[in-house]
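Topology and contacts: notes
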Amino acid sequence: NDCSLRRVGDSIFNIPVAFPIRPDDSEMLTALSWALTDAQNSGDWEAASVSNSNLFPKSRCSTATVSAAQLDWDSFAGACFFAAAAAFIALTLHLITWMPKLIEQWAAARKKKGEDEDETEDVEVAVRG
């Protein structure tokens, strides 16, 4: 029932075997763990998997394997649109939080400029008068 899914290569690591071991039997657990790790590292596990590949289930789907690096145009355009929309939203929120501070600084600068002009006028009147 998974033929509608695209297969992208094989699994990275898979040991499709389970061995029930009593939790209190640490010698058996240690020995089995060492044997499986040794078989995996020496390549014996892979060789056994290849030689017994006829025993593994085959896929009933007729889909071809797709390269993991392949990206179709729709997916690329969707990812670019999503990134642009996220950047626009972030910039808009930044401006919304930044604008009141900018307006406050502008008003303070204008008020200070107005006070400086008043002082300049007072000095000019005093010099003329």
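As a convention, each chain's residues are numbered from 1 in the sequence order in which they are written. In keeping with the predicted nature of the model, local features appear solely for residues at pLDDT of at least 70, side-chain atom pairs appear and are counted solely at 80 or more, and the whole-chain, interface and lining totals rest on all residues. Based on all heavy atoms of the structure, the side-chain values leave hydrogens and waters out of the count.

Moving on, we get to helix H1 (residues 26-42). Helix and strand labels come from DSSP, where a helix needs a run of H or I of at least four residues and a strand needs a run of E of at least two; each type is numbered from the N terminus. To estimate the expected span of a helix, count its residues, drop one, and scale the result by 1.5 Å. Helix length check: H1, at 17 residues, gives a terminal C-alpha distance of 24 Å against a target of 24 Å (1.5 Å per residue), a fit within 8%. Immediately downstream of H1, the backbone of Gly43 shows phi near 95°, a positive value.

Each Phe, Tyr or Trp ring (for Trp, its six-membered ring) is paired with any other whose centre lies within 6.5 Å, and the angle between the two planes then decides the class: stacked below 30 degrees, edge-to-face above 60, tilted in between. Applying the stated criterion across every chain yields a total of one aromatic pair. Note on Trp73 and Phe76: the rings are 5.6 Å apart at their centroids and 40° apart in plane angle, and the pair reads as tilted. You can see Trp73 and its partner Phe76 sitting in helix H3 (residues 73-128), three residues apart, about one turn around the helix. Relative accessibility decides the category of a residue: with a 1.4 Å probe and only protein chains considered, values under 20% of the type maximum give buried, values over 50% give exposed, and everything between is partly exposed. Using a relative accessible area of 38% as the deciding quantity, one classes Phe76 as partly exposed.

Before going further, it helps to examine the confidence of the model for the protein chain. Residues with a pLDDT of 70 or more make up 71% of the protein chain, whose mean pLDDT is 78. Confidence scores here are pLDDT values: one per residue, from the predictor, ranging 0 to 100. Between the elements of the protein chain, mean pLDDT differs from a low of 81, seen in H3, to a high of 88, seen in H1.

On to the pattern of salt bridges, then. Any carboxyl oxygen of Asp or Glu that lies within 4 Å of a side-chain nitrogen of Lys or Arg is treated as forming a salt bridge with it. Across all of its chains, the model carries one salt bridge by this definition. The salt bridge partner of Arg22 is Asp24, with a shortest N-O separation of 3.1 Å. Assigned by exposure class, Arg22 and Asp24 land together as exposed.

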